[in-house]
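Fold and contact review
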Amino acid sequence: MKNTVTHILALGATVSVLVCVYSFLPIGRYATNPHAIHAALIPLGEGEPVSEAQISEITITHKDDFLCLQKQGTLWTVTTHDYMLLANTERVEAFIHVLIKKRKMYKISYSNSGVSVDVDNFRLSIGFGEKNDTGYPVNNDKKNINMSKNVYVFTTADSLASPVVQLDWLKGAFSIERDISPYCTLDARFFASDAFFWGISTPIAVSGSLRTDSMAYTVSLDEATADFESRSHALLSLRHGGLLPLADELHGTAVATLSVSDATGRMCSMQIYKSNEAAATLVYQCVSCVTPSPADGEVERQALSQCRFKTEISAWTFNRLCELLNVKS
């Protein structure tokens, strides 16, 4: 009998804890209030979602910090307090798809005041309208000019909890699926392009100098080079290993100066420094800038001229670069 009572008390305590935890999860709230709507996070109006082409800017703010994604002609850039970089276009487009797709949203509150969970609060401000060569928004649809909408996203550290959103166009608080959570970040590395040669499509020419521990080489690669197509493709597949603070001083020895051009005439110029020679893992630092092509419009030109790139690459990536440029490392 004593054991039975003990088991009943233990079961009761467990159920109480589960109910308490469950009540703090958004899913726990709307399970008893299953009112749902089917809409996009940023419809243009009258329930109609916007198209990807109409979105020209997304600013993410958290506390006193920000990250801004901007469409600059045919380019996307990512800007923070520390960086202005070319963005990974595919990732930005995936983010936009999350914002404009129609989804089920479960209303957990009929008020816009407060969300009673331990949360991080991110504001997503979405701007609309393409920019012309002067940088000002233009759009034939007048209701779309200088227009912006806000999405407030509340997330928790619990990976199982659904985020809660508040929308400036719709009263209430809604629980949604977690597909928006990865994009609620101010980390430029998440949105930045990971390409080794920034801003370059298919390379058609590589020139410069490269030095190994034993020798210095003049390198040249163009369409007359044997296996150029496969080498060009392999060069384009190289990736950097992460962003470095622009303010940090460069240390080590310059081992390469390269210029890479593509068919449009755009050029990526790069210097590579050998660093951490005493460390267990050898790494290299790369400083790059991009020269616009004649085909780039004024908006692209201004964006490219303002971007500065400082990245890190592994010894494997440097050795692979040497191999593709016919240099024995």
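In short, a report on the structure.

Analysis parameters
- Residues numbered from 1 in each chain as written.
- Predicted model: local features only at pLDDT ≥ 70, side-chain atom pairs only at ≥ 80, totals over all residues.
- Heavy atoms only, no water.
- Helix = DSSP H or I, 4+ residues; strand = E, 2+ residues; numbered from the N terminus.
- Buried < 20%, exposed > 50% of the residue type's maximum accessible area, 1.4 Å probe, protein only.
- Contact = heavy atoms within 4.5 Å.
- Areas by Shrake-Rupley, 256 points an atom, 1.4 Å probe, with all protein chains shown as cover.
- Pairing = 2+ DSSP bridges.
- Axes fitted to C-alpha atoms, helices over the stretch in contact; angles between N-to-C directions.
- Salt bridge = Lys/Arg side-chain N within 4 Å of Asp/Glu carboxyl O.
- Parallel < 35°, antiparallel > 145°, perpendicular 65-115°, else oblique.
- Left-handed = near helix turned anticlockwise from the far one by under 90°.
- Nonpolar A, V, L, I, M, F, W, Y, C, P; charged D, E, K, R; others polar.
- Arc of directions from axis to C-beta.
- Polar contact = N/O pair within 3.5 Å; in protein donor to acceptor, adjacent residues only side chain to side chain.

What about the overall build of the chain?
- Looking only at helices and strands, the chain features 7 helices and 20 strands.
- A burial count over the chain gives 44% of its 329 residues as buried.
- Here the analysis covers contacts within the chain between residues at least 6 apart in sequence; of these, 65% occur between residues at least 24 apart.
- When the accessible surface of the chain is totalled, it reaches about 17100 Å², and 53% of it is carbon and sulfur.

Some points on the sheet that holds strand β17 (residues 253-262)
- In space, the 6 strands of this open sheet follow the order β16-β15-β17-β18-β19-β20, with antiparallel pairing throughout. In the strand order of this sheet, the two ends are held by β16 (216-222) and β20 (309-314), each with one partner. When the angles between neighbouring strand axes are averaged without regard to direction, this sheet yields 20°.
- In this sheet, strand β19 (residues 283-291) lies alongside strand β18 (residues 267-275) in antiparallel orientation, the contact comprising 9 bridges. Within β19, the position partnered with M270 by the bridge is S288.
- Each of β15 (203-211), β16, β17, β18, β19 and β20 is contacted by helix α7 (residues 315-324), which is oriented at about 90° to β20, the strand it contacts most.

A word on the pattern of salt bridges
- By the definition in use, this model includes 8 salt bridges.
- Ionic pairing is found between R189 and D187, a salt bridge with its closest N-O pair at 2.9 Å.
- The partly exposed category is assigned to D187, whose relative accessible area is 28%.
- Each of K101, R103, E177 and D179 takes part in a single network of salt bridges with overlapping partners.

Focus on the packing of helix α5 (residues 228-236) against α7
- At a minimum axis distance of 10 Å, the contact between α5 and α7 shows a crossing angle of 160°. In terms of axis orientation, α5 runs roughly antiparallel to α7. By crossing handedness, the relation of α5 to α7 is classed as left-handed. In contact with R231, A234 and L235 of α5, α7 contributes R320, L321, E323 and L324.
- Counted by class, the contact of α5 with α7 contains 4 nonpolar, no polar and 3 charged residues.

Remarks on the environment of P294
- Mapping P294 onto the fold places it in the loop between β19 and α6 (298-306).
- Among the residues examined, P294 registers a relative accessible area of 71% and is labelled exposed.
- For the pair P294 and T264, spaced 30 residues apart in the sequence, the C-alpha separation amounts to 7.4 Å.

A few points about α6
- Buried within α6 are the following residues: V299, E300, A303 and L304. Relative to the axis of α6, the buried residues are bounded by an arc of 125° and lie together on one face.
- In this structure, the buried residues of α6 make contact with β5 (65-72), β6 (75-79), β7 (84-86) and β19.

A closer look at the pairing of strand β9 (residues 120-128)
- In this sheet, β9 lies alongside strand β4 (residues 55-62) in antiparallel orientation, the contact comprising 6 bridges. The residue of β9 that forms the bridge with I55 is F128.
- Where β9 lies against strand β12 (residues 148-155), 8 bridges are found, and the strand directions are antiparallel. Directly across from S125, in β12, lies its bridge partner N150.

Description of unusual backbone geometry
- Unusually for a residue other than glycine, D227 sits at a positive phi of about 60°.
- Mapped onto the fold, D227 is located in the loop between β16 and α5.
- Take D227: its relative accessible area is 53%, and that puts it in the exposed class.
- Even without a glycine there, the phi angle at N326 is positive, about 60°.

Considering the side chain of S125
- Along the chain, S125 turns up in strand β9.
- In this structure the side chain of S125 is engaged in a polar contact, spanning 3.4 Å, whose partner is the side chain of R123.
- Polar side-chain contacts of S125 include one of 2.7 Å to the side chain of N150.

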